[in-house]
Amino acid sequence: MVALSKRNAAPRNVAAATVGNALEFYDFTVYAAYATTIARVFFPVGNSFVGLLLSVATFGLGFLARPLGAVIIGIHSDRRGRKAAMSMTIWMMALGSLMIAVLPGYDRIGVLAPLLLVVARLVQGFSTGGEMGPATAFLVESATARRIALAGSWQIASQQGGTFLSGLVGLMLGLSMSPAAVESWGWRVPFLLGVLIAPVGYWIRHSVDETLEHSVALDGAGAVARRLLHDMPGRVGAAILIVAGATVAQYFFLYGTTYAIRTLHFPADFARTMNLVLGGVGLAFALAGGWLADRHGARAVVVAARLAMAAALYPGFMVVMHDPRPGVFLAVLAMLMVAHGIASGAAIVLLTGLFPMEVRTLGTGLSYALGVTIFGGTAQLVFTALIGLTGSPMSWLFYIVAVSVVSVAPLLSGRMARIFDSRGDDVAAARMTG
């Protein structure tokens, strides 16, 4: 076993690791918030439901490139270091955002508009697929022994920070522009602002120290892939299920804006500013989840919080259906976000703890990418289709509950417990390299 760096996860390290993930979720949340507008600009079909379905399907297509990005950039990170990989992904994210911001609509370039939108989403998907592994590995490898889960939870907190930022931008747009201006061109502004984050992120990432112990790095891309896929397929499968519960729940909240506009008929400005509240709550409680995991074990925290959200989901929406006011809807979502934030903040350290340093980036990144692609990439499509096919505004909730319950199964198995030490100290296992 090789000891990891003892450096503290200083603010600079946290910023370097999380800026890319924050940008990812900022862009994704903005896309989800303006899905109905994007549907009209790029998919002007006669049926508004079909247009929205095409818009969220395009959103999901970006996830198809995630596993490829996780493999290519993950192997590069495990061989050459975390810094090089993180510097690469930040520029690719900016490119995808810039394409969406300046892309002409269907009325100007016809079918090229939706096709190029798909290309932009694929670029974003490739870069974000490669972002998660090196950034998360960097966080846990630069943390002190007693703060590993808290350090890792910053990765999830940064996702919520991106959501919060998108909500803040949406609020400012709503206050400074007319609804007609937002629908015409204002929706592009948030994507342009996202591009501006990239130079700052690159500068921060370029200035931090490397955390990969090169003495454990394997020689050749094939050796890294074989070590993971031949020796640890069970761990990859367990990690995918853990990610599934988190990602479906996360896109439940992202879909809330579309649900509020189309199903509950709330004003668009209110629906978009929901991200402000939910992002703030999620950020705070993701860090709380990491703090709790350092003290009580990540598995126990994840299981309790994830099952609590699953149990509260349907009753919470029954309250909304009985009293469909914006304030009630927001209060219910904020309550559910508390449980989701805690579970997600604690879960991230489980992924890094499953994989030794020499394949940590590839293992964490590929498992996360596959989980998000299979479950997160299809979530909004499934939500929209279930509501449209059944006519029930509650039908989509059962899918979320089912995935949440299944996702905790690996954490309750004896085999998972044996991966960590005999005291069940699953957080300390994140520092193991063999």
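Since this is a predicted model, take the numbers as computed values, not measurements.

Some words on the overall build of the protein chain
Looking only at helices and strands, the protein chain features 19 helices and zero strands. In the protein chain, once contacts between residues fewer than 6 apart in sequence are set aside, the share between residues at least 24 apart is 86%. Roughly 15600 Å² of accessible area belongs to the protein chain as shown, and the carbon and sulfur atoms make up 70% of that amount.

Focus: the environment of Leu 287
Examined against the element boundaries, Leu 287 turns out to sit in helix α13 (residues 268-296). Assessed through its relative accessible area of 17%, Leu 287 is described here as buried. Taking the C-alpha atoms as reference, Leu 287 lies 5.5 Å from Ser 153; in sequence the two are 134 residues apart. If near-sequence neighbours (up to four positions away) are discounted, Leu 287 is found in contact with Leu 150, Ser 153, Trp 154 and Ala 157.

A closer look at unusual backbone geometry
Located in the positive-phi region is His 265, a residue other than glycine, with phi close to 60°. Secondary-structure assignment places His 265 in the loop between α12 (233-262) and α13. Judged by relative accessible area, His 265 falls into the exposed class, the value being 63%.

Observations regarding the packing of aromatic side chains
Tallied over the entire structure, the rule returns 14 aromatic pairs. With a centroid separation of 5.8 Å and an interplanar angle of 65°, the aromatic rings of Phe 266 and Phe 329 are classed as edge-to-face. On the criterion of sequence distance, the pair formed by Phe 266 in the loop between α12 and α13 and Phe 329 in helix α15 (residues 326-354) is long-range, its members being 63 residues apart. According to the relative accessible area criterion, Phe 266 is buried, its value standing at 7%. When its relative accessible area of 1% is taken as the criterion, Phe 329 is described as buried. An aromatic cluster is built from Phe 252, Phe 253, Tyr 255, Phe 266, Phe 317, Phe 329, Phe 383, Trp 396 and Tyr 399, whose rings are joined through pairwise contacts.

Describing the confidence of the model for the protein chain
On average, the protein chain scores 82 in pLDDT, and the residues at 70 or more come to 88%. Between the elements of the protein chain, mean pLDDT differs from a low of 65, seen in helix α19 (residues 414-419), to a high of 93, seen in helix α14 (residues 298-322). In this model residues 1-9 is a low-confidence stretch, pLDDT under 50, and it forms 33 contacts with partners more than four residues away in sequence or in other chains. Every residue in residues 421-430 scores below 50 in pLDDT, and together they form 21 contacts with partners more than four places removed in sequence or on other chains.

What to know about α12
The terminal C-alpha atoms of α12 lie 42 Å apart, and with 30 residues this matches the ideal 44 Å at 1.5 Å per residue to within 8%. Along α12, the helix axis deviates most sharply at Tyr 255, where the bend reaches about 35°. In terms of residue burial, α12 counts as a mostly covered element, since 24 of its 30 residues are buried.

Rules behind the numbers
Residues numbered from 1 in each chain as written. Predicted model: local features only at pLDDT ≥ 70, side-chain atom pairs only at ≥ 80, totals over all residues. Heavy atoms only, no water. Helix = DSSP H or I, 4+ residues; strand = E, 2+ residues; numbered from the N terminus. Contact = heavy atoms within 4.5 Å. Areas by Shrake-Rupley, 256 points an atom, 1.4 Å probe, with all protein chains shown as cover. Buried < 20%, exposed > 50% of the residue type's maximum accessible area, 1.4 Å probe, protein only. Phe/Tyr/Trp six-rings, centres within 6.5 Å; stacked < 30°, edge-to-face > 60°. pLDDT = per-residue confidence, 0-100. Expected span 1.5 Å × (residues − 1). Bend = angle between axes of the 7 residues up to and from the residue.

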